[in-house]
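# Tertiary structure, described
Each chain is listed here by its residues.
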Amino acid sequence: MSEQPLLEVSDLNELGKVEIAPEVLEVIAGIAATEIPGVYAMRGNFASGVAERFGKKSHSKGVKVELKEDGVSIDIYVILKFGPPIPKVAQDLQTNIRQTIFSMTAIDLQEVNVHVVGIQMEDDVEESE
């Protein structure tokens, strides 16, 4: 496992402390992103593509979490469907990711950056079938 620091969520009390790994935030953000209409897929890398070929679903692909001094920042890389307005889909992504992470972890994100890396045309889907 990587040597990335853990994010401390709660203060020390008599029961102990709660720490969340950044990978957990990546998975939560990835799942929240796929719930938005207009998102076709998340951009992955070679390793996640190979893993998916063998049946392992990678929910954190296309998501990068940065722990900064002044807060947590998320960058998400998506391929959108052709048709819906890109600014609306991007705003829906930002809102859903922010709300989902806050409701599950009580972490208020500093920023959610959406990077649109492609558009999936409907004709491409029909031709491949």
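Coordinates for the structure precede this section.
This report concerns the structure included in the present document. In this text, all values refer to a predicted model and were calculated from it rather than measured experimentally.

## Let's talk about the overall build of the protein chain
Looking only at helices and strands, the protein chain has 4 helices and 6 strands in total. In the protein chain, the succession of helices and strands from N to C terminus is β-β-α-β-α-β-β-α-β-α. The proportion of buried residues among the 129 residues of the protein chain is 32%. Within the protein chain, contacts between residues separated by at least 24 positions form 63% of all contacts whose residues are at least 6 apart in sequence. Carbon and sulfur atoms make up 53% of the accessible area of the protein chain, which totals about 8400 Å².

## Quick look at the pairing of strand S5 (residues 71–81)
Counting buried positions along S5 yields 8 of 11 residues, so the element is predominantly enclosed. Two strands pair when backbone bridges link them, and strand S4 (residues 63–68) and S5 are joined in this way by 6 bridges, in the antiparallel orientation. Considered in S5, the bridge of Lys68 is made with Gly71. Counting the residues that bridge the hairpin from S4 to S5 gives 2 residues. Here S5 runs beside strand S6 (residues 111–120); their pairing, made up of 9 bridges, is parallel. The residue of S6 that forms the bridge with Lys81 is Gln120.

## Some words on a nonpolar patch on the surface
A cluster of nonpolar residues, Phe82, Ile86, Val116, Ile119 and Met121, forms a patch on the protein surface that exposes about 390 Å² of accessible area. Its place among the elements puts Val116 in strand S6.

## Thoughts on the packing of aromatic side chains
Considering all chains together, one arrives at 0 aromatic pairs under this definition. Stacked on the ring of Tyr77, the Lys or Arg Arg43 has its end atom at 4.3 Å from the ring centre.

## Some thoughts on the nonpolar core
Ranked by internal contacts, the top residues of the largest apolar core, which has 24 residues, are Leu25, Ile74, Ile97, Ile101, Ile107 and Leu109. At the level of secondary structure, the elements contributing two or more residues to this core comprise helix H1 (22–34), strand S3 (39–42), S4, S5 and helix H3 (86–105). What Leu109 contacts, discounting residues up to four positions off in sequence, is Val72, Ile74, Ile97, Arg98 and Ile101.

How each quantity is defined
- Note that residues are indexed from 1 along each chain, following the sequence as it is written.
- Local features in this predicted model are restricted to residues of pLDDT 70 or higher, and side-chain atom pairs are both shown and tallied only at a pLDDT of 80 or more, whereas totals for entire chains, interfaces and linings draw on every residue.
- Excluding hydrogens and water, the side-chain figures rest on all heavy atoms present in the structure.
- The helix and strand labels rest on DSSP assignments: H or I over at least four residues marks a helix, E over at least two residues marks a strand, and numbering proceeds from the N terminus.
- When accessible area is computed with a 1.4 Å probe and restricted to protein chains, residues below 20% of their type maximum are described as buried, those above 50% as exposed, and intermediate ones as partly exposed.
- Contacts are assigned to residue pairs with any non-hydrogen atoms lying within 4.5 Å of each other.
- Under the convention used here, a 1.4 Å probe and the Shrake-Rupley method define accessible areas, while residue burial counts only the protein chains that appear.
- Two strands are said to pair when DSSP picks up at least two bridges between them.
- Only residues whose relative accessible area exceeds 30% and that take part in no salt bridge are eligible for patches, with like-charged residues grouped when within 9 Å of each other and nonpolar side chains (Val, Leu, Ile, Met, Phe, Trp, Tyr) grouped when within 5 Å.
- Whenever Lys or Arg places a side-chain nitrogen within 4 Å of a carboxyl oxygen from Asp or Glu, that contact is recorded as a salt bridge.
- Paired rings are identified among Phe, Tyr and Trp, the last through its six-membered ring, by centres lying within 6.5 Å, and are further divided according to the angle between planes into stacked (under 30 degrees), edge-to-face (over 60) and tilted (the rest).
- A positively charged side chain is recorded as over a ring if its NZ (Lys) or CZ (Arg) lies within 6 Å of the ring centre. The angle to the ring normal must also be within 35 degrees.
- In plain words, nonpolar cores are sets of buried Ala, Val, Leu, Ile, Met, Phe, Trp, Tyr and Cys residues tied together by side-chain atoms within 4.5 Å.

Geometry only, nothing functional implied.
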